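Here is what each chain is made of, one letter per residue.
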Amino acid sequence: MNYKETAKAILDNVGGQENINDFLHCSTRLRMNLKDPNQAKTDEIKAMDGIMGAVYSGGQYQVIIGNDVSYVYNELKQMITIKTDENPEPNKKRDMSFKGLFESFAGLITGIFQPIIPAIAAAGMFKALLLLSTSLGLLSKESQIYALLLNIADSAFYFLPFLLAYSSAQKFKTNPYIAATLAGVLLHPKMITLLGGEVPVQIAGIPVPNISYASSVLPIILTVWLMSYVEKFADKVSPGPVKIFLKPLIVILVMAPLALTVLGPIGNYLGVGLSDGLFWIQGKIGWLTVVILAVFLPFIVMFGMHKVFYPVIFAAMVSPGYETLIHSAMLSSNMAQGAGALAVWFLAKDKKLKQVALPAGISGLFGITEPALYGVHLRLKRTLVACMIGAGSAGLFAGIVNLKAYAAVGPGLASLPMFIGAENNFTYALITAAISIIITPVAVYFIGFNDPGAASDTQASAVESVKVETTSQAAPKKEKLQSRLVVFAPIEGEAIPLKDVKDEAFSQEAMGKGMAIKPAKGQVVAPFDGTVQTVFRTKHSIGLKSVEGIELLIHIGIDTVKLKGQHFNVVVQEGDIVKHGQLLIEFDMDAVEKAGYDTTTPVIVTNSGDYLEILGHEKSEKIGPETPLITIL
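As the structure is a prediction and not an experimental result, all values here were calculated from the model.

Some remarks on the sheet that holds strand 3 (residues 53-57)
Across the sheet, which stays open at both edges, the four strands sit in the order 1-2-4-3 with antiparallel pairing between neighbours. With one partner strand each, in any of the chains shown, strand 1 (20-25) and strand 3 form the two edges of the open sheet. Between one strand axis and the next, the sheet turns through 20° on average, direction left out of account. Here strand 3 runs beside strand 4 (residues 60-64); their pairing, made up of five bridges, is antiparallel. Residue Tyr56 lies in a different strand from strand 4, and its bridge partner there is Tyr61. Sitting on the sheet, helix 3 (residues 69-79) is in contact with strand 1 and strand 2 (29-34), with an inclination near 150° to strand 1.

Printed below as a string of structure tokens:
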């Protein structure tokens, strides 16, 4: 992968720098907050080399890249200058629906927690290794070196409010250094001593509760959120000559007492409530909660929504000091994803599939599942079911034994020491992983999957059949039809080669091979008997699948996604079964062209790699629904 070219292509396809509010990355995804998500050309991004997928979820546009995401991110950073002090969407109305509010919440949580994950993950692994060292007798818990190393490992957790203060300030667009100062107010050692004294402390008659905010999450987030509004007020009332000290002074004078008397206690009670609520749910449903989460975790990861678990995880790590649901489910699911991909690598005959499955499987076993999920299981589909079976089986055991995680780390083979703690708990973790690793490949074997390489002999025979046809006039017509498939023209107009389309994503066949049509009529009809797979929300594009398995994308016009559905009328829905010639979409050609858009319509076989050859119709003056446009061998 050329990281610079990939970063440039992503930037172009999300609407350029002017459409990006801010961006960051996690272990496998580039996460962007876009001013107008509809400008993102998701189909084009998905078709790029090295890109596993793209999705808008949790208020963020997410490009799934895999283990190379940091390199692409670094290149993108050099291309973009983000102005953090401007309000990019002053007039945009907030979506107050449940979906809109949840996506806003998920985007907020991800934006706050994602930047601090490297520090937390490193500290978590440090603590896990210390637990392993004491279990093996390499270190004594009474030794000075153990106490020293434990303090080092625990520092990121103890001073978690400082980390969250900075990332929250970035998210709420307020001064990060004043935010860190307020975190210092909550964590100051002498403040802790003062509040723990015999004489109760009050501010203006309001008692200050004796609460330890070390390792806390919600108190500082609530404080920084309110601070962002107080800072705007302080900015307005502070005269220019003295603003440099008066503005932060007002913020601290207002926010420090509020943090100690109101926001801190509220945040603390909410954090304890999250932890207690989690244990209450498990107490009511028991082991079933782990099973359910383990089975459906791939779909949560698919949309990048697994980050919303962070507040619950950190709250549980503070009290009672361990977590029994999310990490157990993640261990079960991660092992299943990795083992399932390795099973595909072992069983598949297709060389390309094997090349993808091996590294994806290894990555999955070490806790990074996106390569396996997007590169293997979502593509093969049936193996995803096998992974859910394996994860559910492992989750059943983990739930029954009440498996506990003692460190906030992504579960994988390297991080298994995170489960060292109570008697037999580490053994339970090993058994959980083993169940997932054993059952998933067995399920893959019995359920099976569509292996492109398994049909190689049949395809070779088809090629030989075609060769015979071209040299022998005596070949029966029936034999010719058995060796090839036909996609008819979905639009009346002029057939043109794909290379002549004025869009590199199509002309360079990045999305697959095919043809294009210059429309003469604003109607799109089914080019074969099949099923509607995808109807894009902007109505300019539709995905179909024929009864023989041809996956086809019909993209009406170039850059017409920017029309946001204007001038298009879709008359079918996802899942509809359609017949050759049936009307799918109507569009106003004149209106689209008057708006400045080229109506040239690429017709792409998106699973071109499943076939030996994709042959386009020769350029002609006129084609229609009964005219073969693409021939597939």
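Here the narrative resumes, following the displayed structure.
Overview of the packing of helix 1 (residues 3-13) against helix 3
Two packed helices can be described by the angle between their axes and the distance between those axes. At a minimum axis distance of 8 Å, the contact between helix 1 and helix 3 shows a crossing angle of 60°. With respect to helix 3, the axis of helix 1 lies oblique. The hand of the helix 1/helix 3 crossing is right-handed. Residues Tyr3, Lys4, Thr6, Ala7, Lys8, Ile10 and Leu11 of helix 1 form the contact with helix 3, whose own contacting residues are Tyr71, Val72, Glu75, Leu76 and Met79. The class makeup of the residues in the contact of helix 1 with helix 3 is eight nonpolar, one polar and three charged.

So, the pattern of salt bridges
In total, this model carries nine salt bridges according to the counting rule given. One salt bridge connects Asp154 with Lys127, and the closest N-O pair in it is separated by 3.4 Å. Of this pair, Asp154 sits in helix 6 (residues 144-158) while Lys127 sits in helix 5 (residues 117-135), placing them 27 residues apart in sequence. On the basis of relative accessible area, Asp154 is assigned to the partly exposed category, the value being 27%. Here Lys127 falls in the partly exposed class, since its relative accessible area comes to 23%.

How each quantity is defined
Residues numbered from 1 in each chain as written. Predicted model: local features only at pLDDT ≥ 70, side-chain atom pairs only at ≥ 80, totals over all residues. Heavy atoms only, no water. Pairing = 2+ DSSP bridges. Helix = DSSP H or I, 4+ residues; strand = E, 2+ residues; numbered from the N terminus. Axes fitted to C-alpha atoms, helices over the stretch in contact; angles between N-to-C directions. Contact = heavy atoms within 4.5 Å. Parallel < 35°, antiparallel > 145°, perpendicular 65-115°, else oblique. Left-handed = near helix turned anticlockwise from the far one by under 90°. Nonpolar A, V, L, I, M, F, W, Y, C, P; charged D, E, K, R; others polar. Salt bridge = Lys/Arg side-chain N within 4 Å of Asp/Glu carboxyl O. Buried < 20%, exposed > 50% of the residue type's maximum accessible area, 1.4 Å probe, protein only.

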